[in-house]
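Architecture at a glance
Below, each chain spelled out in residue letters.
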Amino acid sequence: MKTSVKKLVTAVSTSVALMAAGNAAAEIQIGIAGPMTGPVAQYGDMQFSGARMAIEQINANGGVMGEQLVAVEYDDVCDPKQAVTVANSMVNDGVQFVIGHLCSSSTQPASDIYEDEGILMVTPASTSPDITERGYELVFRTIGLDSMQGPVAANYLASLNPERVAIVHDKQQYGEGIATAVRDTLEAKGVEIAMFEGITAGDKDFSSLVTKMKQADVDFVYYGGYHPELGLILRQAGQAGLDARFMGPEGVGNKDINTIAGEAAEGLLVTLPPSFDQKAENQALVKAFQDKGEDPSGPFVLTSYAAVQLVVDGIKQAESTDPFEVAQALRSGSFETPIGTVQYDEAGDLQSFEFVVYEWHSDGSKTPVN
Amino acid sequence: MQDLLYFFQQLINGLTIGSTYALIAIGYTMVYGIIGMINFAHGEIYMIGAYTALIAITGLATLGIAWLPLVLLVALVCAMIVSSSMGWAVERVAYRPVRGRHRLIPLISAIGMSIFLQNYVHLAQGSRNIGFPSLIQGGFTFGSEGSFQMSLSYMQITIFITTLICMTALSLFISRSRIGRACRAVSQDLGMANLLGIDTNRIISATFVIGAALAAVAGLLLGMYYGSIDPLFGFIAGLKAFTAAVLGGIGSIPGAMLGGLILGVAESMTSGYLSGEYKDVVSFGLLILILLFKPTGLLGKPEVEKI
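Residues numbered from 1 in each chain as written. Chains lettered and ligands numbered in written order. Predicted model: local features only at pLDDT ≥ 70, side-chain atom pairs only at ≥ 80, totals over all residues. Heavy atoms only, no water.

Topic: the overall build of chain B
If you tally the helices and strands in chain B, you get eleven helices and four strands. The C-alpha atoms of chain B give 20 Å as radius of gyration, which agrees with the globular expectation for 307 residues (19 Å, within 12%). In terms of its C-alpha atoms, chain B occupies a principal-axis envelope of roughly 70 × 50 × 35 Å. Taken over 307 residues, chain B has a buried fraction of 51%. Put simply, 76% of the contacts in chain B that link residues at least 6 apart link residues at least 24 apart. Roughly 14,000 Å² of accessible area belongs to chain B as shown, and the carbon and sulfur atoms make up 70% of that amount. (Helix = DSSP H or I, 4+ residues; strand = E, 2+ residues; numbered from the N terminus. Rg over C-alpha atoms; globule rule 2.2 N^0.38 Å. Buried < 20%, exposed > 50% of the residue type's maximum accessible area, 1.4 Å probe, protein only. Contact = heavy atoms within 4.5 Å. Areas by Shrake-Rupley, 256 points an atom, 1.4 Å probe, with all protein chains shown as cover.)

As structure tokens, this is what we get:
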């Protein structure tokens, strides 16, 4: 209760600060939209902490074109309906640059509004290919696509010579998308897919599903979705004595899966963006996060940092804060960021992005396997 | 043989989840039976029960107490006390002041209460999923090594037995005790019961308290069975339990039990033989069918218009 009071006080004081800052003359608003509450709020924490750090550091270095950046934060709960509301408030608040959203199913509907209203958007976490497939001019990302991540997962999975694979997804854009990508690659490699099935996000009872996987005698399970459901599937599978290895995308890779699944999380395979915080050139930045008491190792911390930095670099290069000119500059340039050298293709996707397979441990740590 | 084991496994899965639906459904059905309103905040009472149980278990663990029966008993008692007082308070604060008005008003008040409680837990406990320790582990397995093995966990057995005890106790209470008799009288005719000297306000409060206590039992059991809780999980469970109550005939206690079991088995059989994607389609489809062909539910009495 004490912390929540503290949070409230900080929230009030930040909003007062924001209002005060609103009166200052020269500033550029950076909207950050992601889940602050709800079942996947921990990914939002990563996103906000990365973006805030970038804004702080850029402001400390004099801002951009003599103007300071101001963070305006919005909670979309990773709910597509809420994301649309958030996008409309961005329009009302006159925000021109958005870092977000996080979940693909939120990013998709919000990006329609941003594109129509001339707002530049960089998502640090949404991997669904559909987002950049519509020929939008103002949509970018600092993360790879499921069409890259799926094959990485499937190739690793195939190299383990599984006999019968079950693929389960949560019927959401992200989960089903990546599960389909994995299935297609596995089928092309001649691996037997014993079942391909959806579950309902938010469900708690997976005993029937686990029984079915036992009956189908699968030795490998790929799950497309987020950690709250996979954690429960792992745990219930462990209790029912299902002897299979599990794998999931970056949406399952955070420490909360350990509090849900406990021992059953040991040996889980996860595809994640590479650990940017381990790179030698990022150590100064990592230290800055640690000095603030924040953990830079989450998959979306540095991608969010890079997203802010790219917006700023784009503004510098275009010498304008017009989102269309900034987008033009982003497409034509090459930028040094904590996630490496960034070059965009026409669609707004990174020209290259690598996913790495990690083995997850029951203490929340991970080790790379390939 | 293997197919038969698979069938029984899905049946056990369904009965387990169904019996907890039934425990929650009692709260809906009793309240409806007595004051004719649907208490949409009941799912939240169940969720608060689960949180209280978890807090009690964690508290005992920090004190170094690990004797399982004691831990379970303390968790159960704490959850029942907190949930019951919550149920009582919700009725006093949100329903009693608007009782007797148009039917929609208490309904809206209930939905508001549900949103309030959900957000209160969000604020107080955080919105993340919290792991719930599996205190009861292990179980029996049937079937030969190497092929499909049916498992019946001690946890599932605990759920069956607890539900059975609660339901029997409740039936005895309603049919034998003074308050139970008063409950039945109030449900038949509130005004008349009042005239005959029954303190109807007390009886209505008692209904909320009993319903909430049973929901707390379900909260503890399901928390341990599934292994994680979050502030939103009362909503879905409440919706399912409400469906179970309507299925069995809202206002009827045996109906709630039957409805819960049917719903649980229908869900697990759909997941088991069709696909998990159709689970909710089948359970809510079943509800629509029942409402179309037997609007009073399986065991509900046809409503006679009182003149």
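Here we look at empty space enclosed by the protein
One pass over the structure, following the stated rule, counts seven cavities of 30 Å³ or more. What the largest cavity holds in volume is close to 150 Å³. What lines the largest cavity is a set of 15 residues, and nearest its centre among them are A:D203, A:K204, B:Y21, B:Y226 and B:I236. Of all the secondary-structure elements, those providing two or more residues to the lining of the largest cavity are α1 (2–35), α8 (200–226) and α9 (233–248) of chain B. (1 Å grid on protein atoms, 1.4 Å probe; cavity = no way out; pocket = protein on both sides within 12 Å on 5 of 7 lines; lining within 4 Å. Points joined across faces, edges and corners; volume = space filled by probe spheres on them.)

Considering unusual backbone geometry
All names here are of chain A. Residue G100 is joined to H101 through a cis peptide bond whose omega torsion reads -5°. Within the element layout of this structure, H101 appears in the loop between β3 (97–100) and α4 (104–117). In the Ramachandran plot, C78 falls in the positive-phi region, its phi being about 60° despite a non-glycine side chain. With respect to the helices and strands, C78 occurs in the loop between β2 (68–75) and α3 (80–93). In this structure C78 comes out as buried when scored by relative accessible area, which is 11%. In the Ramachandran plot, K171 falls in the positive-phi region, its phi being about 65° despite a non-glycine side chain. Mapped onto the secondary structure, K171 falls in the loop between β6 (165–169) and α6 (173–188). The exposure class of K171 is partly exposed, given its relative accessible area of 33%.

As for the domain arrangement of chain A
Residue and element names in this part refer to chain A. What the domain assignment lists for chain A is domain 1 (2–144 + 278–338) and domain 2 (147–272 + 356–368). Taking only C-alpha atoms, the centre of domain 1 and the centre of domain 2 are 30 Å apart. At the interface, 19 residues of domain 1 touch 18 residues of domain 2. Between domain 1 and domain 2, the buried area comes to about 1,300 Å², and carbon and sulfur atoms account for 52% of it. It is Q42, Y43 and T127 that lose the most area in domain 1 upon contact with domain 2, and together they represent 34% of the buried surface on that side. (Domains from an automatic or database assignment. Buried area = accessible area lost by both parts, 1.4 Å probe.)

Some thoughts on the sheet that holds strand β5 (residues 139–141) of chain A
Residues and elements named next belong to chain A. Strand order in this open sheet of five strands is β2-β1-β3-β4-β5, and the pairing throughout is parallel. Unpaired on one side and paired on the other, β2 and β5 mark the two borders of the sheet. Sheet twist, expressed as the mean angle between neighbouring strand axes with direction ignored, is 25°. In the sheet, β3 pairs with strand β4 (residues 120–123) via three bridges, with the strands oriented parallel. Paired with I99 across the two strands is V122, which belongs to β4. The strands touched by α4 are β3, β4 and β5; relative to β4, the strand with the most contacts, the crossing angle is about 160°. (Pairing = 2+ DSSP bridges. Axes fitted to C-alpha atoms, helices over the stretch in contact; angles between N-to-C directions.)

Quick look at a nonpolar patch on the surface
On the surface, B:M1, B:L4, B:F7, B:F8 and B:Y273 cluster together into a nonpolar patch covering about 550 Å² of accessible area. Considering every element that reaches the nonpolar patch, the biggest residue donor is α1(B), with three residues. (Patch = residues over 30% accessible without salt bridge, like charges linked within 9 Å, V, L, I, M, F, W, Y side chains within 5 Å. Salt bridge = Lys/Arg side-chain N within 4 Å of Asp/Glu carboxyl O.)

What to know about the environment of A:E281
In this structure, A:E281 sits in the loop between β10 (269–272) and α10 (283–291). Separated by 59 residues in the primary sequence, A:E281 and A:G340 place their C-alpha atoms 9.6 Å from one another.

A look at the sheet that holds β6(A)
Residue and element names in this part refer to chain A. The strand order across the open sheet built from seven strands is β7-β6-β8-β9-β10-β13-β14, with neighbouring strands paired in mixed fashion. Two strands in the sheet have a free side with no partner beyond their single neighbour: β7 (193–198) and β14 (366–368). Ignoring strand direction, the axes of neighbouring strands in this sheet form an average angle of 25°. With two bridges joining them, strand β9 (residues 245–248) and β10 adopt parallel strand pairing. Residue pairing in the sheet places G248 in a bridge with V270 of β10. Packed onto the sheet, helix α7 (residues 207–215) meets β6, β7, β8 (220–224) and β9 and runs at close to 170° relative to β7. Sheet strands touched by helix α8 (residues 227–240): β8 and β9. Its angle to β9, the strand with the most contacts, is close to 180°.

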